[in-house]
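Observations on the three-dimensional arrangement
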Amino acid sequence: MSEGYEPWLNREMRQANDFTAQQYFEARGFDQVDDNRFFNGTSTGDYMIWSQLLSGGSAVRKRFALALSEFFVVSLNDINLSWRGPAIGEYWDILNRNAFGSFRALIEEITLNPAMGVYLNTRGNRRADPRRGRVPDENFGREIMQLFSIGLFELNQDGTPRLNSGELIETYTNDDVTEIAKVFTGYDLDYSQTTFTPDPGNPSRTIASVDHVRRPMTADPSKWSRSLNDGFHATEEKQFLGLTIPAGTSAEESLRLALDHLVDHPNVGPFFARQMIQRLVTSNPSPGYISRVAAVFANNGRGQRGDLGSVFKAILLDEEALDPAKVADPSFGKLREPMLRFVQLARTFGVRSESGNFEVRNLSNPANQLGQSPLRSPSVFNFFRPGYFPTGSQSAANNLLAPEFQLVNETSVAGYVNFLERAVDTSAWFLRDLSLRYSAELPLAHDAAGLVEHLDLVLTANQLSASVKDTILSALEDIPVEQNSPDTDKLRRIHAGVVLVMASTDYLVQK
Amino acid sequence: MHISRELELSRRAFLRRSSQLAAMGAASSYALDLAGIGEAAAFSSSGGYKALVCVFLYGGNDHGNTLIPFDPTNYARYAAIRGGIDDQGGGIALPRSSLASTVLMPAGGQTVTDDITYALAPTMPRLKARFDQGSMAPILNVGPLLAPMTRAEYDNRSVPRPPKLFSHNDQQSTWQSSQPEGSQTGWGGRMGDLAQSANTNAMFTAINATGNAVFLSGEQALPYQVSSSGAVLFRPLERGRLFRSGAATSALETILTTGSGNILAADYATINDRSIKFGSFVNDALENAAISTDFGDGNRLADQLKAVAGMIAARGSLGVTRQVFMVSMGGFDNHDGLIGRHEGLLAELDFALDAFYQATIELGVADQVTTFTASDFGRTLASNGDGSDHGWGGHHFVLGGSVNGGRFYGRAPHVSVDTPDQVGRGRLLPTTSVDEYSSTLALWFGVSPSDLPSIAPNIGRFASSDVGFLRSSTMHT
């Protein structure tokens, strides 16, 4: 890369998503009320995200958006509303639009997004009603603090915990949760532009048009599905984390004050930085690395806090990320997430979708698929925890974290290889809409050594160890291919080579 | 109170034990044969086979709609707090009439706080029948505690609280391991450490039929993971062909077990190796151990428990006499839409637990297998409109032929959001600690009283290490 990393990255980051989720749903007709009853299922949500990840440009932006989707988690498994596909599509579009924008703007957009509103119950959340014993729902108030901004205990800027007489210092109490929960009351879906069509499968019922799952939730009760004069926001005084929002403050103003206060908390930089470094570069960043990124979060050099473009650049261009010696450091790197392995396979070898829709569904089954599927986290705590390490392991003995190993066990490792075997030739029934072209590999197939070199380059950035390369080479030489052999023979060798490379731990650990 | 120091002491006892194991040459617990380790002499393996099965309810079960006050006075309190109208239900209160067929009438006329009569959720008729038969017992208001604690002590912090209360991931970890997220060993795994000397094949001491969790990790014992249909085999290795090439298959096996320098790579290769080594062995054992009990179709908890039953049926071939299992179901974090969803989850739980108990009867090991529930936390009794929020203590179930069932254990909380047995909004201040719960199970399983602190580090601060819900636990030798 003669131009250097930064100019390339700058160029990539300027590219907007050239085909958004919303454009996808419109182009495919998946947002129309018709006999297909797309408003009723989740599969178009899976198709959308696979199409986003497996095809189209702005791959760098999407890679960051995917990392953000594992920090600000919403799962297609558990959003109970109509139009779940377009709803999670809008969430994905928010992450893409804001991936290099402001953390503060992003957290407000995700707070008011209908998919998040349903997932963590801000939608329809109401102020207390002592007569009925009702109190505000605490779910979003708790998780926005624990997971989306400050975390459970106070941090130094290098990500290490602050201590008071040797003890961790909790960032908030349950009273803070109860109080901040009042902020997230009074919001509901915005039906102000919504039209209704009879359900083709049940004409006695009408289906609301898709727009209400895309527009931000509103505290204006005249825009709700059942229009009201008065809203449900808790207007009493709210006190949390040292902030007092006076009685009588509107829902919108309360939200603005609360989010400003959260984003200004000194924990946000190191808390967010560590997890993004873990998603993108290495499971065990040094305190220095975290503190350099946290410093950029605090100030991008132009006085702005939470400028995500600068933060992501700081992560990728840090000396620790770029140091060639780190490749040989036994404690550096991260396990590649199963969904990223599949994305890499598909993009590297020229994936095509027969239907154009990328009709791949939820691949969460660990016994015969990936054990992970994008936007399908089993809970708001993501597929794995940032502090996870496999017990009884060398990682644990060396005090190293290995978050992605939360998905690794006797079942999933075998399931992955079995998946791989049927993914490289897309023979698995759940990949039947896809094909891989291998156009760069077919001309090399007769030259086993050249093929191995090529696969090493495109899949591992030349990180296969000599012994693994030798092992793969002897295996491929056992599959006879001549320059004039038919493509089926050539593909057999290519498929075997790709499986062997992608099953190797040299590949599985990104360094 | 210097609690952290005592935790440290029990941890050091572990390290000592581990180093003794290492000194005896048992460096690798992956080895199939760890027979002959004499370290756990204090562990009783008498009485033949025994197994504990942890059923983890992820998300925090709403105990308020699992065990519901039925007598008119307490039902009225429940309905008022949960937004119900008279006996009709509404809000997140179940209608009183729906509870009539699952009322629990304890044997011997046992009475509990405020003379509460409890009913199980209407979708739990099978566990109601097991209660009536005496093989199921509810344990009331169980939760993590470092020491017994009153509301006043909670408020003035004169007794330390378990850290990070009300947080999902941390309380899951605290239930499973006595410490928040980041903990290295769980009490299931620590029992496995003590028990694995009783097994010819140590690898099959701690069996996980669900996602990775700390519960089954010990200092030595490692969870072995099985899918609902047994071990998943590497198909190319089983077939001996990868894209019709035998050489490619051999290469695959070599590559899978090669770790090349990087620590994460080495760990991954170790798990590949374990999966390759034990998969066929497990499936061969399962093949010869058929079970006819109906586990239904599409009940994911029942599918996991069927795999557990299979492993128990295959215990002879697997070479084990003591096992700890973990299964789980999710979906319990119902901040919204509690009514409907929650009863559905409990119906699945009811069916799965009952089928599993039936299978242990079929296998002739009903008295030797004890199943128990656990969950992140209980939930608020107060309603947030159509759901409940994170709490602390909750009610749990134990099921098995050795359960001294048909009655309640622990202390029933008032049906209240303002009495001192809760800490606000009906978040229960636990009156039976997880340590008391786990100790009772451990004693039955064969752990010696002197080893209990390694299972339940806080047990010394509680009056008794045996809550009494297991019949033979006091007969332990």
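None of these values were measured; they are calculated from a predicted model. (Residues numbered from 1 in each chain as written. Chains lettered and ligands numbered in written order. Predicted model: local features only at pLDDT ≥ 70, side-chain atom pairs only at ≥ 80, totals over all residues. Heavy atoms only, no water.)

Considerations on the sheet that holds strand β8 (residues 369–375) of chain B
Residues and elements named next belong to chain B.
- Overall, mixed pairing links the eight strands, which are arranged β6-β5-β7-β1-β8-β9-β4-β10 in an open sheet. Since the sheet does not close on itself, it has two edges, and those belong to β6 (223–225) and β10 (432–433), each with one partner.
- Taken together, the three bridges between strand β5 (residues 206–208) and strand β7 (residues 322–329) define a ladder with parallel strand orientation. In the strand pairing of β7, isoleucine 207 is matched with phenylalanine 325.
- Across the face of the sheet, helix α6 (residues 187–195) comes into contact with β1 (50–57), β7 and β8 while running at roughly 165° to β7. (Pairing = 2+ DSSP bridges. Helix = DSSP H or I, 4+ residues; strand = E, 2+ residues; numbered from the N terminus. Contact = heavy atoms within 4.5 Å. Axes fitted to C-alpha atoms, helices over the stretch in contact; angles between N-to-C directions.)

Here we look at the packing of helix α3 (residues 43–54) of chain A against helix α15 (residues 338–348) of chain A
All names here are of chain A.
- Axis separation between α3 and α15 bottoms out at 9 Å; the angle between their running directions is 60°. Overall, the two elements α3 and α15 adopt an arrangement that is oblique. Contact residues: Trp50, Gln52, Leu53 and Leu54 in α3; Met339, Phe342, Val343, Ala346 and Arg347 in α15.
- Of the residues that constitute the contact of α3 with α15, the class distribution is seven nonpolar, one polar and one charged. (Parallel < 35°, antiparallel > 145°, perpendicular 65-115°, else oblique. Nonpolar A, V, L, I, M, F, W, Y, C, P; charged D, E, K, R; others polar.)

Overview of the side chain of serine 275 of chain B
- Tracing the backbone through its elements, the reader meets serine 275 of chain B in helix α9 (residues 263–287).
- Residue classification places serine 275 of chain B among the buried positions, given a relative accessible area of 2%.
- Apart from residues no more than four positions distant in its own chain, serine 275 of chain B is found in contact with Glu410, Val413 and Ala414 of chain A together with Val232 and Phe234 of chain B. (Buried < 20%, exposed > 50% of the residue type's maximum accessible area, 1.4 Å probe, protein only.)

Some thoughts on the interface of chain B and chain A
- Taken together, the 72 residues of chain B in the interface contact 82 residues of chain A.
- Between chain B and chain A, roughly 6200 Å² of surface is buried when both sides are summed, and carbon and sulfur atoms account for 56% of that area.
- Among the residues chain B hides against chain A, the three largest losses belong to Phe243, Leu264 and Tyr268 of chain B. Together they make up 14% of the total.
- Here chain B is connected to chain A by six salt bridges.
- Residues arginine 239 of chain B and glutamate 421 of chain A are paired through a salt bridge, measuring 2.8 Å at the closest nitrogen-oxygen approach.
- The tally of links between chain B and chain A comes to 37 residue pairs in polar contact (both at pLDDT 80 or more).
- Those elements that place two or more of their residues in the side of chain B that touches chain A are α2 (72–81), α5 (168–177), β6, α7 (235–239), α8 (246–256) and α9 of chain B.
- Here the side of chain B that touches chain A takes eleven residues from α9 of chain B, the largest share from any one element.
- Its residues assigned to classes, the side of chain B that touches chain A shows 30 nonpolar, 27 polar and 15 charged. (Buried area = accessible area lost by both parts, 1.4 Å probe. Salt bridge = Lys/Arg side-chain N within 4 Å of Asp/Glu carboxyl O. Polar contact = N/O pair within 3.5 Å; in protein donor to acceptor, adjacent residues only side chain to side chain.)

Remarks on the side chain of aspartate 376 of chain B
Residues and elements named next belong to chain B.
- Relative to the assigned elements, aspartate 376 resides in the loop between β8 and β9 (394–400).
- The side chain of aspartate 376 is buried and forms no salt bridge, while arginine 379, the nearest opposite charge, is found at 6.7 Å.
- A distance of 2.8 Å separates the side chain of aspartate 376 from the side chain of histidine 168, its partner in a polar contact.
- Of note is the side chain of aspartate 376, whose polar atom sits 3.0 Å from the side chain of glutamine 172.
- In this structure aspartate 376 touches Phe56, Leu57, Tyr58, Gly59, Gly60, His168, Gln171, Gln172 and Trp175, once residues within four positions along its chain are discounted. (Lys, Arg positive; Asp, Glu negative; His and termini not counted.)

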